[in-house]
Amino acid sequence: MSLDLVLITGMSGSGKSVALRALEDAGFYCVDNLPPELLLSFVALEQANKGKHVAIAMDVRSATSLPQVPAQLRELRAQGVQIRSLFLDSTTDTLVRRFSETRRRHPLSRQQTGDQDPLQREHALVDAIELERELLADLREQAHVIDSSTIRPAQLQAQVKALLSAPTNQLTLVFESFAFKRGIPVDADYVFDVRMLPNPHYEPALRDLTGMDAPVADYLHGQESVENMYRCIEGFLQTWLDPLARDHRSYVTVAIGCTGGQHRSVYLVERLAAAFGSRWTTLKRHREMERA
């Protein structure tokens, strides 16, 4: 059995330590903040010791050597190592709030002086976060992105475990419903806006139900515009999933948004996941429902 390696990178404050704990619970041998210079030799040591499941977290504290990582991953894949890359991300506003609440210093922040006013400190923090985004852009491009902006630690752990349960040798489709009023998920590869469709919220008998309930599903199924939207999204994915799989994509996240993330987007996610589940590994997330 070849070594199963999960690489966790991402923004400071986005939940990498939470994801690493989820992997530890799943039986992975976990190493936090491994310098990239040691990646190849560490993997070789694990292979010599018959290691099976290893998780490594890297972050911007190794900024000068992070550019080595993509080439190292290609070399490891050529050796037969099964690699899954996860990138934890959050909106800048969320990260600013988390750093402010915990009073932690961002790894790229210059030493703060006591006479800095709060506005200066926030501007310096935003600058550090945006610099971190630039430094990690290449790693983000090659990883499956998880948006932790609006989810609790337990939800993040559940998402990581769900992704790990998917087969490593084929593309996994992640369908996610969301509310535009709470922001577009930053982990989405494709975003579809369905706010123009008839809204069950304005039907008194359906308002307190969700797209997972039969009365809402029956109502939406009977709307021609909903059927047209479904066929358009289905046709787009049918056209491009095979090319994406041939491009060695491990995960593709399709986000579908409506106003409240309760009816239309949930219905379409459920229906699309059922339609594509016979051929592809599919996962479902209902962001706003999970927040409840």
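Further up the page is the structure itself.
Quick look at the structure, then.

Each value, and the rule that gives it
- Residues numbered from 1 in each chain as written.
- Predicted model: local features only at pLDDT ≥ 70, side-chain atom pairs only at ≥ 80, totals over all residues.
- Heavy atoms only, no water.
- Helix = DSSP H or I, 4+ residues; strand = E, 2+ residues; numbered from the N terminus.
- Buried < 20%, exposed > 50% of the residue type's maximum accessible area, 1.4 Å probe, protein only.
- Contact = heavy atoms within 4.5 Å.
- Areas by Shrake-Rupley, 256 points an atom, 1.4 Å probe, with all protein chains shown as cover.
- Lys, Arg positive; Asp, Glu negative; His and termini not counted.
- Charge placed at Lys NZ, Arg CZ, Asp CG, Glu CD.
- Phe/Tyr/Trp six-rings, centres within 6.5 Å; stacked < 30°, edge-to-face > 60°.
- Lys NZ or Arg CZ within 6 Å of the ring centre and 35° of its normal.
- Axes fitted to C-alpha atoms, helices over the stretch in contact; angles between N-to-C directions.
- Parallel < 35°, antiparallel > 145°, perpendicular 65-115°, else oblique.
- Left-handed = near helix turned anticlockwise from the far one by under 90°.
- Nonpolar A, V, L, I, M, F, W, Y, C, P; charged D, E, K, R; others polar.
- Pairing = 2+ DSSP bridges.

Some details on the overall build of the chain
Line of reasoning, step 1. For the chain, the helix and strand inventory stands at 10 helices and 9 strands.
Line of reasoning, step 2. By residue count, 47% of the 292 residues in the chain fall in the buried class.
Line of reasoning, step 3. At a minimum sequence separation of 6, the contacts of the chain that also span at least 24 residues come to 80%.
Line of reasoning, step 4. Put simply, the chain shows about 14,500 Å² of open surface, and 50% of that area lies on carbon and sulfur atoms.
Line of reasoning, step 5. Averaging the positions of the 33 positive and the 37 negative side-chain charges in the chain gives two centres separated by 2 Å.

Overview of unusual backbone geometry
Line of reasoning, step 1. Positive phi outside glycine occurs at N33, with the angle close to 55°.
Line of reasoning, step 2. One non-glycine residue, K50, lies in the positive phi region at around 65°.
Line of reasoning, step 3. With respect to the secondary-structure elements, K50 resides in the loop between helix 2 (39-48) and strand 3 (53-57).
Line of reasoning, step 4. On the basis of relative accessible area, K50 is assigned to the exposed category, the value being 68%.

Some thoughts on the packing of aromatic side chains
Line of reasoning, step 1. In the structure shown here, the tally under the stated rule is 5 aromatic pairs.
Line of reasoning, step 2. Judged by centre distance (6.1 Å) and plane angle (40°), the ring pair of F175 and F276 falls under tilted. In this pair, F175 is assigned in strand 6 (residues 172-179) and F276 in helix 9 (residues 264-276), connecting sequence segments 101 residues apart. Take F175 and F276: they sit in the same class, and that class is buried.
Line of reasoning, step 3. Clustering of aromatic rings is evident, with ring pairs tying together Y190, F192 and F236.
Line of reasoning, step 4. Sitting over the face of the ring of F180, R195 holds its NZ or CZ atom 3.7 Å from the ring centroid.

A few points about the packing of helix 2 against helix 3 (residues 69-78)
Line of reasoning, step 1. Between helix 2 and helix 3, the shortest axis-to-axis distance is 10 Å and the interhelical angle comes to 25°. Comparing the axis directions of helix 2 and helix 3 gives the class roughly parallel. Two packed elements cross with a definite hand, and for helix 2 against helix 3 that hand is right-handed. Mapping the contact onto sequence places L39, L40 and V43 in helix 2 and Q72, L73, E75 and L76 in helix 3.
Line of reasoning, step 2. Of the residues in the contact of helix 2 with helix 3, the class split is 5 nonpolar, 1 polar and 1 charged.

A look at the environment of D208
Line of reasoning, step 1. Position of D208 among the secondary structure elements: in the loop between strand 7 (190-193) and helix 7 (214-221).
Line of reasoning, step 2. Once the C-alpha coordinates of D208 and P243 are considered, the two residues, 35 residues apart in sequence, prove to be 40 Å apart.

Notes on the sheet that holds strand 3
Line of reasoning, step 1. Pairing is parallel in the open sheet, where 5 strands are placed in the order 2-3-1-4-5. Edge positions in the sheet fall to strand 2 (29-32) and strand 5 (144-147), since each has one partner strand and no second. Between one strand axis and the next, the sheet turns through 20° on average, direction left out of account.
Line of reasoning, step 2. In terms of strand pairing, strand 4 (residues 82-89) meets strand 5 through 4 bridges, oriented parallel. Across the sheet, residue L86 finds its bridge partner in strand 5, namely H144.
Line of reasoning, step 3. Its contacts with the sheet place helix 1 (residues 16-25) against strand 1 (4-10), strand 2, strand 3 and strand 4, and it is angled at close to 165° to strand 1.

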